[in-house]
Structure formats: C-alpha cells, structure tokens
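# Secondary and tertiary structure notes
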Amino acid sequence: MSTPVLSAECITVLARNRHQGALTVLDGISFTAAPGELVMVAGPSGSGKSTLLRVLAGIVSPDAGKIQIGHPLQALSMYTARERARFMAFLPQEDNPENPFSVQETVMLGRSPWQPFYGIACEQDRRLTQQVMVLLDVAQLADRRVASLSGGEKQRVLLARALCQTPQLLLLDEPTSAQDYGQQIRIMSTLITLCTVQRLAVVMVTHDLNLAAMYAHRLLLLNQGRAAAYGTPREVLTSTQLEAIYHCSFIVDEHPCASMPRITLSPLLPPSQ
Ligand code: ADP
Ligand code: MG
C-alpha cells in the first residue's frame, strides 16, 4: 500500500456537558487513508462517525491525538485554510443548502480555493463544473435554485461541489443517505473510478453495510466512540460483530454474484433482547 495522505492517531474527543461533566465522544481512534483508497466508517447512531469526520476536516479540535495530512504527512494545524481546501473537501451530513444560488453557482463554489480572486471563474473552472454536474446527474438542474431541489438532488449538488474542489482527500458524511438505489451505485462507481484513476483517497461514513461490503477497501466500525473493528469488509462484517453493536440479528453470507459478504437484516431480535 502507498504512503498515507491521512493519518489519525489516537483521536479522543470529549464533549463537556453541564449536567454530566465530560462525555467521551471519541476514544483513541486510529486509522490511515492512502491515495486510491476508500475507507468507510460505519456504526450505530451516536457512535461518533460525524464527530470523527469533523475532526479530520479541522472543524473540531481533538482533546488528544494527532491528525496529519498531505505528502509528506504534516500536522493539520500547519496548513492555511486555502491549502487545506485545496487538499481536502468535506461533505457534512447536514449542510445549509437554503442558499439563494443556482445549482451551477453552488457547484462552482468548489473552485474558489483555486481562484486568485474569489468568484472569478476561468474557462477551466466552467468546464470542470460542467463535467462534475454531468457525472453526478445534476447538469439538467444547472439553472434551478438549490433551495427548490429534492433532498437527493441537493445532496448530489453538494457532492458535486466537493468533487469540483479537485481534492486529494475527500471526507464524505453519509453522501448516499438520500439517494435511490441507482444513484447510490452511480455515486459509488464514480468514487471508485476517482480512487483508481486519480488516486483520490476517500473517507466515507455510511449506515449501509452492503455498500461498505461492495466498495470499501477498509472499514472502520465505531461503537460508543471506540473502534469495534477495523479491517477489510470481510474481516469486519461478521454477524457476531454486528449483533454485538447493533443489538439485532444479521445473516452474513456470500454475495451470489461477486466475492464479497452480503448482509441481510433479520426481523428476529437476538435471544438476549
Ligand atoms: P454519529 O454521526 O455516529 O451519529 P455523532 O458524532 O454526531 O454521531 O455524535 C456522537 C455522540 O456525541 C452523540 O451522542 C452526540 O450527541 C454526542 N455529541 C457530539 N457533539 C457533542 C457536543 N458538542 N456536546 C455534547 N454531545 C455531543
Ligand atoms: Mg452522523
């Protein structure tokens, strides 16, 4: 495997609560992402997935641990905001797309870290914006106000803006949560192609364990702020492991069409429930 462009070492985040004191949101999380690699992060609601991505994006400062990005790896704090924005793009779980901009203007905002003067687009910016809009199936919406779009359309526009940044590291928090099956597969294929062809490194949060089984090179499973498992999807996605953290029953067998695990949710609760 090539040298990582992201290294997270022993990341710990505490949330201060007036009534309960300090609550541990993340507890000693370590992992890396290399060029060309898609690392997925899964785990129950409230397990710390979004907090981890916000730490990696530099929005939340960890109480302990070290984040390094780039090649060679350097502490996140060494980069200026513009350098960071050129190196990595972050798609949050929730954004504020109630902006007055059109789809095309919103996607083109992704070019701003590369523009010498904010908002002054060159021909290459316009071409790239168009290509990315086509890739994410939003080109037909180019002149629509983002505020008027469906949830899934907005999500693809914001993903398009992140891709338009042409980052080397892409941090995505549940980018397919509002997408139908076809769009999910198209988005995942696009990400895998970017990993393979442009050596993009992707860290993606998802609740969809079958998407993780199909596409993740490595999977980090979080539970109550800790790493419950970290490895290939086949190593991580075992019924014992999943039942222990989700408290419901799973059947994990072999996908009928490809060499990958298939996860089926069972309506039966485990005996202990
Ligand atoms: P996930 O994305 O896995 O659903 P989050 O990272 O959003 O989880 O949150 C993890 C846990 O930390 C949740 O229980 C959440 O309520 C708590 N949390 C996150 N940030 C804060 C904060 N600033 N203050 C108090 N609790 C927080
Ligand atoms: Mg979240």
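For the structure, check the block above.
These notes cover the structure that comes with them. Small disclaimer: the values here were computed from a predicted structure and weren't measured.

### Overview of the coordination of the magnesium ion (ligand 2)
Note on the magnesium ion (ligand 2): its protein donors are S50 (OG) and Q93 (OE1). The metal-donor distances range over 2.1 to 2.2 Å. One end of the pair, S50, is in helix α1 (residues 49-56); the other, Q93, is in the loop between β6 (88-91) and α3 (103-108), with 43 residues separating them in the sequence. For Q93, a relative accessible area of 41% translates into the label partly exposed.

### What to know about the site of ligand 1
Near ligand 1, the surroundings consist of A15, V25, P44, S45, G46, S47, G48, K49, S50 and T51. Note that an oxygen atom of ligand 1 is positioned 3.2 Å from one of the backbone N or O atoms of S47. In the model, an oxygen atom of ligand 1 is placed 2.9 Å from a nitrogen or oxygen of the S50 main chain. Starting from 570 Å² of accessible surface for ligand 1 in isolation, the protein chains cover 54%. Counted by class, the shell around ligand 1 contains three nonpolar, six polar and one charged residues.

### Section: the sheet that holds strand β2 (residues 21-33)
In sheet architecture, strand pairing relies on hydrogen bonds along the backbone and comes in two forms, parallel and antiparallel. With respect to topology, four strands assemble into an open sheet ordered β2-β1-β4-β5, the strand pairing being antiparallel. Edge strands, defined here as strands with exactly one partner in the open sheet, are β2 and β5 (74-75). Where strand β1 (residues 6-17) meets strand β4 (residues 64-69), five bridges bridge the pair, whose relative direction is antiparallel. Counted as the bridge partner of T12 is A64 from β4.

Reading guide: rules and limits
- Residues numbered from 1 in each chain as written.
- Chains lettered and ligands numbered in written order.
- Predicted model: local features only at pLDDT ≥ 70, side-chain atom pairs only at ≥ 80, totals over all residues.
- Heavy atoms only, no water.
- Donors = N, O, S within 2.8 Å, 3.2 Å for Na, K, Ca; no water.
- Helix = DSSP H or I, 4+ residues; strand = E, 2+ residues; numbered from the N terminus.
- Buried < 20%, exposed > 50% of the residue type's maximum accessible area, 1.4 Å probe, protein only.
- Near = heavy atom within 4 Å.
- Polar contact = N/O pair within 3.5 Å; in protein donor to acceptor, adjacent residues only side chain to side chain.
- Areas by Shrake-Rupley, 256 points an atom, 1.4 Å probe, with all protein chains shown as cover.
- Nonpolar A, V, L, I, M, F, W, Y, C, P; charged D, E, K, R; others polar.
- Pairing = 2+ DSSP bridges.

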